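Given next are the chains, with one letter for each unit.
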Amino acid sequence: MRWLLALAGAAALATEGALAAEPSASRQDNASLEALELQMAELVNRDRAEHRLPPLAYHKGLAAVARAHCVDMKRNRFFDHDSPRTGGPKDRVGAARIPHRGVAENIAAAATIEIAEKNLMHSPKHRENILHKDFTHIGVGLLRTDDGGLLCTQVFIKAPPDYDIAALHTELIEGINKARLAKGLRRLMPDDTLAEQAYAHSARAAKLGRFDPMWLEDELARRDARRWRMHTAGYYLTDSVTPVIQSEVAQSGSFDHIGVGVVQAPPDSKQPGALWVTIVCAQKK
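Computed from a predicted structure; not experimentally measured. (Residues numbered from 1 in each chain as written. Predicted model: local features only at pLDDT ≥ 70, side-chain atom pairs only at ≥ 80, totals over all residues. Heavy atoms only, no water.)

**Structural notes on the sheet that holds strand β7 (residues 257–264)**
Consideration 1: With respect to topology, four strands assemble into an open sheet ordered β5-β7-β8-β6, the strand pairing being mixed. The open sheet has two edge strands, β5 (189–190) and β6 (228–238), and neither has a second partner.
Consideration 2: In the sheet, β5 pairs with β7 via two bridges, with the strands oriented parallel. From the neighbouring strand, M189 faces β7, where its bridge partner is H257.
Consideration 3: Against the sheet, helix α6 (residues 165–182) makes contact with β5, β7 and β8 (275–284), and its axis sits at roughly 145 degrees relative to β7, the strand it touches most. (Pairing = 2+ DSSP bridges. Helix = DSSP H or I, 4+ residues; strand = E, 2+ residues; numbered from the N terminus. Contact = heavy atoms within 4.5 Å. Axes fitted to C-alpha atoms, helices over the stretch in contact; angles between N-to-C directions.)

**Notes on the nonpolar core**
Within soluble globular proteins, side chains that are nonpolar generally end up buried alongside one another.
Consideration 1: One finds M40, I113, I130, I138, L142, C152 and F156 to be the most contacted residues of the largest nonpolar core, which totals 24 residues.
Consideration 2: Listing elements by their share of this core, those giving two or more residues are α1 (16–50), β2 (103–110), α4 (113–121), β3 (137–144) and β4 (150–157).
Consideration 3: Sort the elements by how many residues they give to this core and α1 lands first, with six residues.
Consideration 4: For I130, the residues in contact, after removing those within four places along its chain, are V44, D47, R48, N106, E117, L120, M121, Q154 and F156.
Consideration 5: Judged by nonpolar contacts, the second largest core, of 20 residues, contains L168, L172, Y236 and V262. (Core = buried A, V, L, I, M, F, W, Y, C linked by side-chain atoms within 4.5 Å. Buried < 20%, exposed > 50% of the residue type's maximum accessible area, 1.4 Å probe, protein only.)

**Some points on the environment of R92**
Consideration 1: As for its position among the elements, R92 is in helix α3 (residues 89–95).
Consideration 2: Look at R92 and you get buried, because its relative accessible area is 7%.
Consideration 3: The spatial distance from the C-alpha of R92 to the C-alpha of V65 is 6.7 Å, given a sequence separation of 27 residues.
Consideration 4: Residue contacts for R92: discarding those within four places in its chain leaves V65, H69, H81, S83, T86, G87 and E105.
Consideration 5: A distance of 2.7 Å separates a polar side-chain atom of R92 from the backbone oxygen of H81.
Consideration 6: In this structure the side chain of R92 is engaged in a polar contact, spanning 2.5 Å, whose partner is the backbone oxygen of G87. (Polar contact = N/O pair within 3.5 Å; in protein donor to acceptor, adjacent residues only side chain to side chain.)

**What to know about the sheet that holds β4**
Paired through their backbone hydrogen bonds, the strands of a sheet run either parallel or antiparallel.
Consideration 1: Strand order across the open sheet formed by four strands is β1-β3-β4-β2, with mixed pairing between neighbours. Of all the strands in the sheet, the pair left with one neighbour each is β1 (57–58) and β2.
Consideration 2: The sheet contacts of helix α2 (residues 60–75) involve β1, β2, β3 and β4, and relative to β3 the element is tilted by about 35 degrees.

Read these as spatial facts, not as claims about activity.
What follows is the structure in structure tokens.
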């Protein structure tokens, strides 16, 4: 669908009063649209509530991204998620430097926000975005069309989680030992040296964007090899500690000591907010 912009010319006497009134009218219209954007976000959360989903937090940065896409579509006479100038939704959110673990976008054109939201809910793909259980934030952008209607963009993201790393470290150790005891296995004793080596490896992985098992093996051999009869390690890039707790390494009956290292990926990485986890299990001589 393409927007046909009416090219209108007008001759008018520009008095000082008229020049002063124009910016004021523009500000009022912008304020009105911003109020409607918040109202449309409330309509989205109403629809989510009807399906027992948590509300999305409003994100002003996403709203700016959504608004700019509306301007681009109107100014350049197109109606699409992909722009020749700004790319797709992921490109636009990335250019705004907004950390995320997932992006989606809805666009619509209608006389009112209520009609636009209703139409989006009747479109399977747009409905899926509105009701996606993993999304956490929304921004809405609106722009008046030449016929007085509304051009609408909704941008959704899954924000990176913010973990308490110290608490997560304790949760991992306790979770691993609880699962082991349930299987009739002995508890693993936390070891400070193994924990230091595991943490150093996770920090290195977060910086490199990949695990480096050979580096860890060299560290284990260099620092404390005489203490252990044997050792092994597991590496995980995850959003949940559950797969680490249930992993074969953590639940092996061959070991009696453990070290855990957890580092959260920074916001500007390829996996913002993800957990780089290393566990090292060893059997004492």
